[in-house]
There are 2 protein chains.
Amino acid sequence: MKAYKELSREELQSLQKELRAQFDKLKEAGIQLDMSRGKPGADQLDLSNPMLDVLNSSSDFKGVQAMDLRNYGILDGIKEAKELFAELMEAPVDHVMIYGNSSLNIMYDLISKAMIHGIAGNTPWCKLDKVKFLCPVPGYDRHFAITESFGIEMITIPMDENGPDMDMVEEYVNNDASVKGIWNIPKYSNPSGVVYSDEVVRRFANLKPAAADFRIFWDNAYAVHHIYPDKKAEILNIVTECEKAGNPDMYYQLCSTSKITFPGSGVAALITSPANIKDITKHMTIQTIGHDKLNQLRHVKFFKNAAGVHAHMEKHAALLRPKFEAVLDTLEKELGGLEIGTWLKPTGGYFVAFDTIEGCAKKVVGMCKEAGVVMTSAGATFPYGNDPKDTSIRIAPTLPTPSELQKACEVFVLCVKLASVEKYLETK
Amino acid sequence: MKAYKELSREELQSLQKELRAQFDKLKEAGIQLDMSRGKPGADQLDLSNPMLDVLNSSSDFKGVQAMDLRNYGILDGIKEAKELFAELMEAPVDHVMIYGNSSLNIMYDLISKAMIHGIAGNTPWCKLDKVKFLCPVPGYDRHFAITESFGIEMITIPMDENGPDMDMVEEYVNNDASVKGIWNIPKYSNPSGVVYSDEVVRRFANLKPAAADFRIFWDNAYAVHHIYPDKKAEILNIVTECEKAGNPDMYYQLCSTSKITFPGSGVAALITSPANIKDITKHMTIQTIGHDKLNQLRHVKFFKNAAGVHAHMEKHAALLRPKFEAVLDTLEKELGGLEIGTWLKPTGGYFVAFDTIEGCAKKVVGMCKEAGVVMTSAGATFPYGNDPKDTSIRIAPTLPTPSELQKACEVFVLCVKLASVEKYLETK
């Protein structure tokens, strides 16, 4: 295959004509497909249906704390659930708080509390002239939406296959006291699938923040979400690394069972230092009566222990592998050698990040829509939705069925080709 | 029975000696009882155990919106749950939002959002010099804890058997733009059991607030929590009354199934105008992935409709009636005619409010504790825990078993007698 950039104007025009014809035919086919959303497929959800049977009218509702878990009480999670998450995330039990159904909501809440009450006795952020967050890109749009909603200034940090540019991170965090946080998805990052290298994690743990209330938001959303059981990524443990570096309170680690059991009906957890937990529960006792203890118990009874979760995740992986491979095979087969796109091959998580040539992402996503395939909005993976080079596209292969996905990928690569040809024609 | 205030010093001294002897004997008995907490008894929780069976691995998870309720999606509650709450609370479906497991958390969240983002385009409260809330007393300590935690100034409003002093409420709300809200439990109020009269509700609906973002917090926590099926209290509907008065956006009505099914594993709802719902969901879409739709479905499948809830509540009432009667009978039998305490006879809700003679509530609660009976802290039902006359005590009869409760009541009335005698002796 000849790279498109090597083609003459005439060759490009002839190719454009051919691709346009294919595109018009596709449009007429009236396809309606969705590759935009990081939602599990129905077959994945079926895996957790038996969880709905483990708690029933004849269950024992007394937890190990000898309390009736059907009643009020226990603010920070039942002991059994803390133990499960502690084992799973390799953290001490006293570093674990169990929340409700959404780790996104935990992050929103932590920032909301920092705004109004301040972190650990520091000035509430709403009283400061300026609060900044570092945002490795491409990243998770809902992280950026939270910081934007609180009026926090977002600073873009480029990422490579090892994680964020740590020179930049250190420069900002160690010198600017208005930098209060950084978003991270350290394992199988959304959307790139990047796994933070040991060096990156160590440099995070060894930051010397100018702000006492600087916090690393360590959204370990895909901690156990491997696609290849023989290529399981491991990252260094942020808890122990921060403790070793003398920064025991610097991180908030998040995780949930949203993509393990049921999104919306799962259990979310915060892993952080006992000092942070004390600071947080002080407010939480006013905020809520506590979270759903029966759902916590239901999860514990279903999984029993971390091994139970890992075994369950292998079943997810078996369903996800063919989907990821369909995407990656189509990209390779159709775009390999054309030099009109780059992508990483994730071994876990929920996404494939695709980069077009400069100035093409919006156009590709628009064309896909015209042809009936919904993609995540171009730019969504950047703060303020602003991808300055207009190259970044997020592919979400999990929700469609395998045959739908195959069709959607074919539409996608055609749109990439056509948009690239037309881009080159603008300047050739 | 002769009123204690009529007794001579000698009679009081002799009575004190006798009561002290009884009290010392009680202390030796090593009782350990709790009348402090508005928690349902285990027998009440058992009523809802079958709810855990209605949703199981072979259920249909497609709701009426043709979505898989096991997956992401639906921010403001499944349609079936909105319909159930709409019927139960006699509100239009488009006035209902379903939240998570805690109406307390809804109220906290509404105030948190008002602080940071402002209500409906008004200035965020955190930018104002002063924000005030009106607090009818005696009231719910956790309401007051929320406003206190946000630095909101609380103004005490006295209540009688018809509700808050509406002259005072109107005076404050209609003239002071820093008054942004008022706490209410309009039916079977916590702790007094007071049911707001029609006139009180109408005067609420017809307020002419100086602040555009003034909101009535209408915590209808005990909406269907009758104790006597033949003496069901009804209050005017805040939704229709506010609409009639031209104040359609002035209220936030809260309710939950915490004391219908399982506290902590229930479903909470906000009932307010579509304009308010629009304002709230704008932020909520950033705050969370949505609430637990399977638990919503579980509740709907269990109750089917409002009639199902009402039938269920009659079973609760049958368990609660003997407990309330044990308290009220003991108070009447032991304290009737002594003029050392007053109390209302609630026909619903979770509490009995008791007023001692001035300056005795703390002492009574302290004595009960000495004798092994935990009561809600005296003063807890006032803002800042400050009951200026030191008279108000909250009795929570629901959690103990009937025999425990009988014993606890006997301790309580003895402590009231002894504390009153000693109070009179101070001045006689």
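Residues numbered from 1 in each chain as written. Chains lettered and ligands numbered in written order. Predicted model: local features only at pLDDT ≥ 70, side-chain atom pairs only at ≥ 80, totals over all residues.

Peer 1: Can you walk me through the overall build of chain A in this structure?
Peer 2: For chain A, the count of helices and strands is 14 helices and 13 strands. For 428 residues, the compact-globule estimate of 2.2 N^0.38 gives 22 Å, and the C-alpha radius of gyration of chain A, at 23 Å, lies within 12% of that figure. When the backbone C-alpha atoms are referred to their principal axes, chain A occupies close to 75 × 55 × 35 Å. Every one of the 428 residues in chain A was classed for burial, and the buried ones make up 53%. When contacts within chain A are restricted to residue pairs at least 6 apart in sequence, long-range pairs at least 24 apart make up 77% of them. (Helix = DSSP H or I, 4+ residues; strand = E, 2+ residues; numbered from the N terminus. Rg over C-alpha atoms; globule rule 2.2 N^0.38 Å. Buried ≥ 20, exposed ≤ 12 C-beta atoms within 10 Å, placed from the backbone. Contact = placed C-beta atoms within 7 Å.)

Peer 1: Looking at this structure, how should I read the interface of chain B and chain A?
Peer 2: Frequently, the measure chosen for interface size is the accessible area removed from exposure when the parts meet. Contact with chain B, which involves 44 residues of that partner, is made by 44 residues of chain A. Those elements that provide at least two residues to the side of chain B that touches chain A are helix H2 (42–46), helix H3 (51–54), helix H5 (103–116), helix H6 (141–149), helix H10 (274–287) and helix H11 (293–303) of chain B. Along the lines of polarity and charge, the residues of the side of chain B that touches chain A split into 20 nonpolar, 18 polar and 6 charged. (Nonpolar A, V, L, I, M, F, W, Y, C, P; charged D, E, K, R; others polar.)

Peer 1: Help me understand the nonpolar core, please; the structure alone is not making it clear to me.
Peer 2: Burial of nonpolar side chains together is a common tendency in soluble globular proteins. Formed by 270 residues in total, the largest nonpolar core has its most connected members in Ala269(A), Cys415(A), Ala269(B) and Cys415(B). Apart from the residues within four sequence positions on either side, Ala269(B) is in contact with Phe85(B), Val96(B), Met97(B), Ile98(B), Tyr99(B), Cys255(B) and Ser256(B). (Core = buried A, V, L, I, M, F, W, Y, C linked by C-beta atoms within 7 Å.)

Peer 1: For this particular structure, what's the right way to read the packing of helix H1 (residues 9–28) of chain B against helix H14 (residues 402–427) of chain B?
Peer 2: Packed helices, taken two at a time, are described by their axes: the angle between them and the distance between them. All names here are of chain B. For the pair H1 and H14, interaxial distance at closest approach is 9 Å and the crossing angle is 145°. You can see that H1 and H14 cross each other, and the crossing is left-handed. In contact with Leu12, Gln13, Leu15, Gln16, Leu19, Arg20, Gln22, Phe23 and Leu26 of H1, H14 contributes Val411, Leu414, Lys417, Leu418, Val421, Glu422, Tyr424 and Leu425. Its residues assigned to classes, the contact of H1 with H14 comprises 11 nonpolar, 3 polar and 3 charged. (Axes fitted to C-alpha atoms, helices over the stretch in contact; angles between N-to-C directions. Left-handed = near helix turned anticlockwise from the far one by under 90°.)

Peer 1: How do you make sense of the relation of the copies chain B and chain A when you look at a structure like this?
Peer 2: One chain copy maps onto the other through a rotation about an axis and a shift parallel to that axis. In screw terms, the move from chain B to chain A is a rotation of 180° and a rise of 0.0 Å along the axis, fitting with an RMSD of 0.0 Å. Taken together, the rotation and translation describe the operation of a two-fold axis. Both copies present the same face, since 100% of the interface residues in chain B are matched by interface residues at the equivalent positions in chain A. (Least-squares fit on C-alpha atoms with pLDDT ≥ 70 in both.)

Peer 1: Whenever I open this one, the domain arrangement of chain A confuses me. Can you help?
Peer 2: Residues and elements named next belong to chain A. Assigned domains within chain A: domain 1 (4–44 + 310–427) and domain 2 (61–304). Summarising the inter-unit geometry, the C-alpha centres of domain 1 and domain 2 are found 31 Å apart. Each side of the interface is counted separately: domain 1 has 26 residues, and domain 2 has 31 residues. At 8 residues, helix H12 (residues 306–335) tops the list of elements feeding residues into the side of domain 1 that touches domain 2. For the side of domain 1 that touches domain 2, the per-class residue count stands at 15 nonpolar, 7 polar and 4 charged. (Domains from an automatic or database assignment.)

Peer 1: Explain the packing of helix H5 (residues 103–116) of chain A against H5(B) to me, please; I cannot follow it from the model alone.
Peer 2: Where H5(A) meets H5(B), the closest approach of the two axes is 11 Å, and the angle between their N-to-C directions is 55°. By the angle between their axes, H5(A) is oblique relative to H5(B). As H5(A) packs across H5(B), the resulting crossing turns out to be left-handed. Along the contact surface, H5(A) presents Ser112(A), Met115(A) and Ile116(A), while H5(B) presents Ser112(B), Met115(B) and Ile116(B). Its residues assigned to classes, the contact of H5(A) with H5(B) comprises 4 nonpolar, 2 polar and no charged. (Parallel < 35°, antiparallel > 145°, perpendicular 65-115°, else oblique.)

Peer 1: What is the right way to read the pairing of strand S9 (residues 268–271) of chain B from this model?
Peer 2: Residues in a regular strand point their side chains to alternate faces of the sheet. All names here are of chain B. Of the two faces of S9, both are covered, the one formed by Ala268 and Leu270 as well as the one formed by Ala269 and Ile271. Summarising the sheet, strand S2 (residues 96–98) and S9 pair through 3 bridges and their orientation is antiparallel. The residue of S9 that forms the bridge with Met97 is Leu270. As defined by bridge partners, strand S8 (residues 251–256) adjoins S9 across 4 bridges and the pair is classed as antiparallel. Within S9, the position partnered with Gln253 by the bridge is Ile271. (Pairing = 2+ DSSP bridges.)

Peer 1: When you look at the sheet that holds strand S13 (residues 392–395) of chain B in this model, what are you seeing that I'm missing?
Peer 2: Hydrogen bonds between backbone atoms are what pair the strands of a sheet, whose relative direction is either parallel or antiparallel. All names here are of chain B. The 3 strands lie next to each other as S10-S11-S13, forming an open sheet whose pairing is antiparallel. Looking at strand neighbours, the two that pair on one side only are strand S10 (341–343) and S13, the edges of this open sheet. Geometrically, the sheet is characterised by an average inter-axis angle of 25° between neighbouring strands, direction not taken into account. Note: strand S11 (residues 352–356) against S13, 4 bridges, orientation antiparallel. Paired with Ala353 across the two strands is Arg394, which belongs to S13. Here helix H13 (residues 361–370) sits on the sheet and contacts S11 and S13; the angle it forms with S13, its principal contact strand, is near 40°.

Peer 1: Sorry, what's going on with helix H4 (residues 79–89) of chain B here?
Peer 2: Spacing of three or four residues puts side chains on the same side of an α-helix, whose turn is 3.6 residues. Residue and element names in this part refer to chain B. When H4 is considered as a whole, its buried residues turn out to be Ala81, Lys82, Leu84, Phe85, Leu88 and Met89. Taken end-on, H4 shows its buried residues confined to a sector of 160°, consistent with a single buried face. On its buried side, H4 packs onto S2, S8, S9, H11 and helix H12 (306–335). One or two steps after H4, the chain reaches Glu90, where phi turns positive at roughly 50°. (Arc of directions from axis to C-beta.)

Peer 1: Help me understand unusual backbone geometry in this model?
Peer 2: Trans peptide bonds make up the majority, and among non-glycine residues the majority have a negative phi. In this model, Val137(A) is joined to Pro138(A) through a cis peptide bond whose omega is -5°. Mapped onto the fold, Pro138(A) is located in the loop between strand S3 (132–137) and helix H6 (141–149). Following Asn190(B), the chain continues to Pro191(B) via a peptide bond in cis, the omega torsion being 10°. Located in the positive-phi region is Ala120(B), a residue other than glycine, with phi close to 50°. Mapped onto the elements of the fold, Ala120(B) is located in the loop between H5 and strand S3 (132–137). Residue classification places Ala120(B) among the partly exposed positions, given that 15 C-beta atoms sit within 10 Å. Of note in this structure, Lys304(B) is not a glycine but carries a positive phi near 70°. Among the structural elements, Lys304(B) can be located in the loop between H11 and H12. We classify Lys304(B) as partly exposed; it has 13 C-beta atoms within 10 Å.

Peer 1: Please explain H10(B) as it appears in this structure.
Peer 2: Between its terminal C-alpha atoms H10(B) stretches 19 Å, which fits the 20 Å expected from 14 residues at 1.5 Å a residue. The sharpest bend along H10(B) measures roughly 30° and falls at Thr281(B). Among the residues of H10(B), Asn276(B), Ile280(B), Met284(B) and Gln287(B) are the ones counted as buried. The inward-facing, buried residues of H10(B) abut H5 of chain A together with S2 of chain B. (Expected span 1.5 Å × (residues − 1). Bend = angle between axes of the 7 residues up to and from the residue.)

Peer 1: Help me understand the sheet that holds strand S7 (residues 215–219) of chain B in this model?
Peer 2: Ordered in space as S2-S9-S8-S7-S6-S3-S4-S5 (chain B), the 8 strands form an open sheet in which the pairing is mixed. A single partner strand is all that each edge strand has here, and the edge strands are S2 and strand S5 (163–164) of chain B.

Peer 1: Whenever I open this one, the environment of Tyr99(B) confuses me. Can you help?
Peer 2: Residue and element names in this part refer to chain B. Structurally, Tyr99 is set in the loop between S2 and H5. Taking the number of C-beta atoms within 10 Å as the measure of exposure, Tyr99 has 23 and is therefore buried. Put simply, Tyr99 and Val364 are 265 residues apart on the chain and 39 Å apart in space, counted from C-alpha to C-alpha. Ignoring sequence-local partners within four residues, the contact set of Tyr99 consists of Ile106, Ala268, Ala269, Leu270 and His291.

Peer 1: Mind showing me how you'd approach the confidence of the model for chain A here?
Peer 2: One rule of thumb: low pLDDT means the predicted coordinates there are not for detailed reading. Overall, the prediction assigns chain A a mean pLDDT of 97, with 100% of residues at 70 or greater. Reported confidence for the predicted complex is 0.97 by ipTM and 0.97 by pTM. (pLDDT = per-residue confidence, 0-100.)

Peer 1: Explain the environment of Asp355(B) to me, please; I cannot follow it from the model alone.
Peer 2: Positionally, Asp355(B) belongs in strand S11. When the C-alpha atoms of Asp355(B) and Pro229(B) are compared, they prove to be 27 Å apart, with 126 residues separating the residues in sequence.

Peer 1: What is the right way to look at the environment of Asp249(A) in this model?
Peer 2: Residue and element names in this part refer to chain A. Here Asp249 is to be found in the loop between helix H9 (238–244) and strand S8 (251–256). For Asp249 and Asn71, which are 178 residues apart along the polypeptide, the C-alpha to C-alpha distance reads 33 Å. Excluding residues that lie within four positions of it along the chain, Asp249 makes contacts with Ser273, Ala275 and Asn276.

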